[in-house]
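What follows is the residue order along each chain.
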Amino acid sequence: MCGIVGFSGTGDVVSVLLDGLSRLEYRGYDSAGLACLDSGKIWCVRRTGKVAELERAVRSAPLPAGAWASTGNGPAASVGIAHTRWATHGSPTERNAHPHLDCTGRIAVIHNGILDNYRSLRRRLEDQGHSIASDTDSELLAHLLEEGLASGKSLHEAARHAMSEAEGAIAMAAIAAEYPDCVVVARRDSPLLVGKEETFSIAASDIPALLPYTRNVVVLEDGEVAVLKGPKVELYDSEGNRTSPRFRKISWEAESPELGRFPDFMLKEIYEQPEAVARTLMSRVDAGNIVLDDVRIDPADLASISKVCAVACGTSYHAALASKYSTERWARIAVEVDLSSEFRYRDPVIDDRVLLVAISQSGETADSLAALRHARAQGARVLTICNVVDSSMARESDAVLYTRAGPEIGVAATKTFLAQLTATTLLGLYLGQQRKHLDTSQVAATIAGMQQIPDLLSRHLPRWDEEMSALADRFAETRDVFFLGRGPGYPVALEGALKLKEISYLRAEGYAAGEMKHGPIALIEPGVVVFVIGTASKTQEKVFSNLEEVKARGATTVLVIDSESRALAPESDFVVEVPRVDELLSPMIDVVPLQLFAYYMAKRRGLDVDKPRNLAKTVTVE
Ligand code: F6R
């Protein structure tokens, strides 16, 4: 995790670094820091909290001349590095914030990743007399660079030395007083990109931090080291040989989403869901057929696959789980669903007849990327469903089905979940069609159902908004909430619970309704709130019985029910009415009131819904 930025050249270095960090804050925001070189000395500021805290500190600190080149006070060329952190080793304190310095204070390093051999490496460096000032693994890189430079290596050789001594995921950037116009960067298993223009070069963890400054970008490969020296970029391959950087033009627009009439991005993104669904559907259906030009896998190969393995994390995992119900029904093919972090370690049975579907908003999630690589290495075809164009997962897949939800700023996934459900539905229908399990009329009927969803969402959002706001007032003191569902309602229950946990910090459990009686029902007592997803389905009657079971034990119940079934439903303390759609499409509707409930519960508790504690939007550590 963590976001890193490095800059070398002419410009307002500090402002570029701070701007880059603010664009990378989705990668972590528990502390931030930057370091510049001024008159042969390293100038370093670090703060706990968000990038805004760092900016306040930097703006009020005595500034080095070089850091403010644009004011005309200092030399026109300068270098700097900056970091926004998501803590892995060491609590989020100022002492553990990056950049970290070596023993001499003449080298500063920032790092994204985890050093797997942290303990033994730290012991070795301490035994050799290095004094380690923080609890982080990252600081060790500063001491390894120090070791390299002290032994006579050049800057890029010292970086290679650090990479060879440290095991695990590394994207790092460093400056050294002995190299006043250079930033050295290196990567292994964590993303890092370098861009350049006529007067400077810049490196960052992700494209959004580069786009305001350049579109000439090279994505570093594993093991590569680059030295940024003003507009010059020297690239070294994993063997240390000098190579030519393969810059290419990035065509995306730098989007800077505005809040508009909304108080926060999460609410705005909940309201953008109709558009997210419509855009993901756009040009992918034609005269009752699914057209997935992006799936560049031979239809004959698709027809012969033996199973689908879907891997994902968090909310994306819930989309994968929902896809199991629809794809198995429509394509009559087995779909195994794994949490990406579990997948490769269970040694799954994979061969070239497996289609691995990796689902990720960011396309950078370390666990999902590792799962994808594992499956690919065993011969599987890999199809990624993701929102971020050109992400690592997209680049490493045989095919990509982009969700077109637009940038999602709120850390809690909302509109990208609906876009993922749309994409997996399209894929399920497509497989059903290719495998000749669905005829055109069945596909056309389901497409027609999907095409109604944006409008249904737009029409019902305002009412759900009011109702969920009122419900959050009613449950202001509630501390225990269950979400129960069966079939496609089960991933909805899981997602309702995850949303509530992550932004309101309340204890919430999502459970398969039929499983409650096997243990968790012991937790039900007066005061516990239970949401039951009871919309029309094969198992609706059973879900109703499960509602009666928790009611009988004193729970306060909230039934999510479609309008046509309402008359048949058992009594419930509260009812959230939703429009009736096909059971397999129902997650796209049923989850939305739950997102709003989580939102209002968090707001009542005065919490930052866009940046919940301990979380990051993109999780690039395993
Ligand atoms: C929850 C949430 C996370 C992500 C998870 C996977 O609201 O956002 O659980 O879903 O970290 O991230 P992606 O989808 O980027 O792989």
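For the structure, see preceding data.
Remember, predicted model here, so these are calculated numbers, not experimental data.

(A) Representation of the sheet that holds strand β14 (residues 242–243) within the structure. With respect to topology, seven strands assemble into an open sheet ordered β5-β6-β7-β8-β12-β13-β14, the strand pairing being antiparallel. With one partner strand each, in any of the chains shown, β5 (100–101) and β14 form the two edges of the open sheet. Across five bridges, the pairing between strand β8 (residues 179–188) and strand β12 (residues 225–229) is antiparallel. Directly across from A186, in β12, lies its bridge partner V225. Where helix α5 (residues 155–165) meets the sheet, it contacts β7 (168–176), β8, β12 and β13 (232–236), and its direction lies at approximately 30° from that of β8.

(B) Local environment of the pattern of salt bridges. Taken as a whole and assessed by the stated rule, the structure comprises 37 salt bridges. The salt bridge partner of R122 is E126, with a shortest N-O separation of 3.2 Å. One end of the pair is R122 and the other is E126, both in helix α3 (residues 118–127) and four residues apart, which spans about a single turn. Between E147 and R124 there is a salt bridge whose closest N-O contact spans 2.7 Å. Here E147, found in helix α4 (residues 139–150), pairs with R124, found in helix α3; they are 23 residues apart in sequence, far enough to count as distant. One network of salt bridges, in which partners are shared, links K307, E336, D338 and R346.

(C) How the structure looks around the site of the ligand. The local shell around the ligand holds 14 residues, among which S316, S360, Q361, T365 and E502 are the closest. Contacts to the ligand include V411, whose backbone N or O atom sits 3.3 Å from an oxygen atom. Within the contact set of the ligand, an oxygen atom lies 2.5 Å away from a side-chain nitrogen or oxygen of E502. For the ligand, whose free accessible area comes to 400 Å², the fraction covered by protein is 91%. Within the residue set of the shell around the ligand, elements represented by two or more residues are α10 (314–331) and α16 (489–504). The dominant element in the shell around the ligand, judged by the number of residues it contributes, is α10, at three residues.

(D) Molecular detail of the packing of aromatic side chains. Counted under the stated rule, the structure contains seven aromatic pairs. Relative to F200, the ring of F7 lies with its centre 5.2 Å away and its plane at 25°, an arrangement referred to as stacked. Of this pair, F7 sits in strand β1 (residues 3–10) while F200 sits in strand β10 (residues 200–204), and the two are 193 residues apart along the sequence. Considered together, F7 and F200 belong to a single accessibility category, that of buried residues. Each ring, one from F483 and one from F531, has its centre 4.9 Å from the other, and the planes form 20°; the classification is stacked. Taken together, the positions of F483 in strand β23 (residues 480–485) and F531 in strand β25 (residues 529–533) put the pair 48 residues apart, joining distant regions of the chain. Considered together, F483 and F531 belong to a single accessibility category, that of buried residues. Members of the aromatic cluster, connected to one another through ring pairs, are F475, F483, F531, F574 and F597. Taking NZ or CZ as reference, R261 lies 5.4 Å from the ring centre of Y271, over its face.

(E) Highlighting the sheet that holds strand β21 (residues 381–386). Spatially, the five strands line up as an open sheet ordered β19-β18-β20-β21-β22, and their pairing is parallel. Each edge of the open sheet is held by one strand with a lone partner, namely β19 (334–339) and β22 (399–402). The average undirected angle you get between the axes of adjacent strands in this sheet is 20°. Packing of helix α12 (residues 366–377) onto the sheet brings it into contact with β18 (307–312), β20 (354–360) and β21, and relative to β20 it is tilted by some 170°.

(F) Representation of the environment of P348. Structurally, P348 can be placed in the loop between α11 (340–343) and β20. With relative accessibility at 4%, the residue P348 sits in the buried group. Setting aside chain neighbours within four positions, we find P348 in contact with F343 and H374.

(G) Structural context of the packing of α3 against α4. Between α3 and α4, whose axes approach to 11 Å, the crossing angle comes to 45°. On the basis of their axis angle, the class for α3 and α4 is oblique. Taken as a pair, α3 and α4 cross one another with a handedness that is left-handed. For the pair formed by α3 and α4, the contact residues are Y118, L121, R122, R124 and L125 on the first element and L140, H143, L144 and E147 on the second.

(H) Quick peek at the pairing of β18. Of all six residues making up β18, six are buried, and the element is well covered by its neighbours. Across the two faces of β18 the burial is the same, with K307, C309 and V311 and V308, A310 and A312 all buried. Direction of pairing for β18 relative to β19: parallel, over a ladder of six bridges. The partner of K307 across the bridge, within β19, is A334. Crossover β18 to β19 through α10 is right-handed. Summarising the sheet, β18 and β20 pair through five bridges and their orientation is parallel. Of the residues in β20, the one forming a bridge with V308 is L355.

Calculation criteria
Residues numbered from 1 in each chain as written. Predicted model: local features only at pLDDT ≥ 70, side-chain atom pairs only at ≥ 80, totals over all residues. Heavy atoms only, no water. Pairing = 2+ DSSP bridges. Helix = DSSP H or I, 4+ residues; strand = E, 2+ residues; numbered from the N terminus. Contact = heavy atoms within 4.5 Å. Axes fitted to C-alpha atoms, helices over the stretch in contact; angles between N-to-C directions. Salt bridge = Lys/Arg side-chain N within 4 Å of Asp/Glu carboxyl O. Near = heavy atom within 4 Å. Polar contact = N/O pair within 3.5 Å; in protein donor to acceptor, adjacent residues only side chain to side chain. Areas by Shrake-Rupley, 256 points an atom, 1.4 Å probe, with all protein chains shown as cover. Phe/Tyr/Trp six-rings, centres within 6.5 Å; stacked < 30°, edge-to-face > 60°. Buried < 20%, exposed > 50% of the residue type's maximum accessible area, 1.4 Å probe, protein only. Lys NZ or Arg CZ within 6 Å of the ring centre and 35° of its normal. Parallel < 35°, antiparallel > 145°, perpendicular 65-115°, else oblique. Left-handed = near helix turned anticlockwise from the far one by under 90°. Right-handed = clockwise from strand over helix to strand, strands pointing away.

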